[in-house]
Amino acid sequence: MEKLDPITMEYTLEKKGNLSLIESAPSVRKTALGIHFLLSSVEKDEQAIYLSFEFDEESLRERILSVASQIELRKIREDNLSREERKKLAETKADLALCRFTIRDMIAPSLSEVIALIEKIHNEGKAEVVIIDYLRLIRNEGKDILKELKALAERLNVAVIVLEQIPRGSEGNETDSTYADAFFLLKRDGEKASLLSLKGNDKGKEEYLTYNPYTTEFRVVMDNLI
């Protein structure tokens, strides 16, 4: 499996007991960032859970394979691979089969369903990082979702990373971050992107990234944290 570039602010995002919130507008590729954190956890041999309420499990696994193998996503989906690429893809699948992560897709889940699933998976394998994609697709049942997810993070001693979609053109800070330990805004313009910290130990810092549309992944521009 190809090694990822570490995002400097991952320490805050993956701290056990923390709830981190990441906002982005439509088409900025928040799911690609979520997959980055999933694979980053895998590299550290941590048990990770990825819950998607937008894409199905097969689609996510194809994206993960593309990033991990560095083979174009389009080629994987169309099964249009060279002999060398087929060999590399098979090797990557074998590597990923040994990794400790769980992917689940859910359609318009309730908050209680999300929490119950996380607790079930955690009890079976002691999850360390949970990625939720994305917030407004959860039915709140009259409860404050982020408050409940923060309590879950502390109770299970896991890092919970919540992705959220905000209106196109927004400058961020659209979501009530009262219960978030860290709050970030993901921005992208073509292949240039950045992760801006709005709250937490890294507040005010901005990390610059590049986006590869062929493998749908983010890479770090080295020595770029300001």
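Residues numbered from 1 in each chain as written. Predicted model: local features only at pLDDT ≥ 70, side-chain atom pairs only at ≥ 80, totals over all residues. Heavy atoms only, no water.

Looking at an unreviewed UniProt entry, one finds the chain named SF4 helicase domain-containing protein and attributed to Candidatus Ornithospirochaeta stercoripullorum.

### Digging into the pattern of salt bridges
This is how it is decided: One speaks of a salt bridge when a side-chain nitrogen belonging to Lys or Arg is within 4 Å of a carboxyl oxygen belonging to Asp or Glu. A run of DSSP states H or I qualifies as a helix once it reaches four residues; a run of E qualifies as a strand once it reaches two. Both are numbered from the N-terminal end. When a residue's accessible area, from a 1.4 Å probe over protein chains only, is under 20% of the maximum for its type it is buried; when over 50% it is exposed; and in between it is partly exposed.
Within the structure shown, the criterion is met by 19 salt bridges. Where Arg-77 meets Glu-62, a salt bridge forms, and the shortest distance between an N and an O atom there is 2.9 Å. Residue Arg-77 is found in helix 4 (residues 73–78), and its partner Glu-62 is found in helix 3 (residues 57–69); the two are separated by 15 residues along the sequence. Arg-77 sits in the partly exposed class, given a relative accessible area of 41%. In this structure, Asp-181 engages Lys-150 in a salt bridge whose closest nitrogen and oxygen atoms are separated by 2.7 Å. With a gap of 31 residues between them, Asp-181 in the loop between strand 5 (159–165) and strand 6 (182–189) and Lys-150 in helix 7 (residues 145–156) connect regions that are remote in the sequence. Note on Asp-181: relative accessible area 28%, which makes it partly exposed. According to the relative accessible area criterion, Lys-150 is buried, its value standing at 12%.

### A look at the packing of helix 3 against helix 5 (residues 83–97)
Definition in use: Each axis is a line fitted through C-alpha atoms, taken for helices only over the stretch in contact, and angles between the N-to-C directions span 0 to 180 degrees. In these notes the angle categories are as follows: under 35 degrees is roughly parallel, over 145 is roughly antiparallel, 65 to 115 is roughly perpendicular, and the rest is oblique. Any pair of residues with heavy atoms lying within 4.5 Å of one another is described as a contacting pair. Polar here means any residue outside two lists: the nonpolar Ala, Val, Leu, Ile, Met, Phe, Trp, Tyr, Cys and Pro, and the charged Asp, Glu, Lys and Arg; Gly therefore counts as polar.
Put simply, helix 3 and helix 5 touch, their axes get as near as 10 Å, and they point 110 degrees apart. Considering their axes alone, helix 3 and helix 5 lie roughly perpendicular with respect to each other. Here Ile-64, Leu-65, Ala-68 and Ser-69 of helix 3 come into contact with helix 5, specifically with Lys-88, Leu-89, Thr-92, Lys-93 and Leu-96. Taken together, the residues that form the contact of helix 3 with helix 5 break down as 5 nonpolar, 2 polar and 2 charged.

### Some remarks on helix 6 (residues 111–125)
Stated formally: What a helix is expected to span follows from its residue count: subtract one and scale by 1.5 Å. This arc is taken over the directions from the axis of the helix to the C-beta atoms.
Its 15 residues give helix 6 an end-to-end C-alpha distance of 21 Å, which sits within 8% of 21 Å, the value for a rise of 1.5 Å per residue. Leu-111, Val-114, Ile-115, Leu-117, Ile-118, Ile-121 and His-122 are the residues of helix 6 that are buried. Down the axis of helix 6, the buried set is contained in an arc of 160 degrees. They therefore lie on one face. Exposed and oriented more than 90 degrees from the buried face of helix 6 are Asn-123 and Glu-124. The inward-facing, buried residues of helix 6 contact strand 2 (48–52), strand 3 (101–105), strand 4 (129–133) and helix 7. Backbone geometry just after helix 6 places Lys-126 at a positive phi near 55 degrees.

### Some thoughts on the confidence of the model for the chain
Inclusion rule: pLDDT expresses how confident the predictor is about each individual residue, on a scale running from 0 to 100.
Within the chain, residue pLDDT values average 88, and 93% of them lie at 70 or more. Confidence scores differ between elements of the chain, with helix 1 (residues 10–13) showing the lowest mean pLDDT of 70 and helix 7 the highest of 96.

### Concerning the sheet that holds strand 8 (residues 206–212)
Picture the strands of a sheet paired through backbone hydrogen bonds; they go either parallel or antiparallel. In plain terms, the rule: Any two strands are treated as partners once DSSP identifies two or more bridges connecting them.
Strand order in the open sheet formed by 9 strands is 3-2-4-5-1-6-7-8-9, with mixed pairing between adjacent strands. Sheet topology places strand 3 and strand 9 (217–220) at the edges, where each strand pairs with a single neighbour. This sheet shows a mean twist of 25 degrees between the axes of neighbouring strands, independent of strand direction. Pairing between strand 1 (residues 19–24) and strand 6: 5 bridges, direction parallel. Looking at strand 6, one finds that Ile-22 is bridged to Phe-184.

### Some remarks on the side chain of Ser-177
With respect to the secondary-structure elements, Ser-177 resides in the loop between strand 5 and strand 6. For Ser-177, a relative accessible area of 14% corresponds to the buried category. Among residues more than four places away in sequence, those in contact with Ser-177 are Leu-21, Phe-183 and Lys-199.

### As for the pairing of strand 4
Summarising burial for strand 4: 5 of the 5 residues are buried, a large majority. Along strand 4, one buried face is formed by Val-129, Ile-131 and Asp-133 and the opposite face, lined by Val-130 and Ile-132, is buried too. Both strand 2 and strand 4 contribute to a ladder of 5 bridges, which runs parallel. Paired with Tyr-50 across the strands is Ile-131, a residue of strand 4. The sheet contact formed by strand 4 and strand 5 spans 5 bridges and is parallel.

### Looking at the packing of aromatic side chains
Rules: Pairing of aromatic side chains requires ring centres within 6.5 Å, counting the rings of Phe and Tyr and the six-membered ring of Trp. Pairs whose planes differ by under 30 degrees are stacked, by over 60 edge-to-face, and all others tilted. Both a distance and an angle decide whether a charge sits over a ring: NZ of Lys or CZ of Arg must be within 6 Å of the ring centre and within 35 degrees of the ring normal.
Overall, the coordinates contain 1 aromatic pair when judged by the stated rule. Judged by centre distance (5.2 Å) and plane angle (55 degrees), the ring pair of Tyr-211 and Phe-218 falls under tilted. We note that Tyr-211, like Phe-218, is buried. Geometry around Phe-55 places Arg-63 over its ring, the cationic atom sitting 4.3 Å from the centre. Directly above the ring of Tyr-211 sits Arg-188, whose terminal nitrogen or CZ lies 4.8 Å from the centroid.

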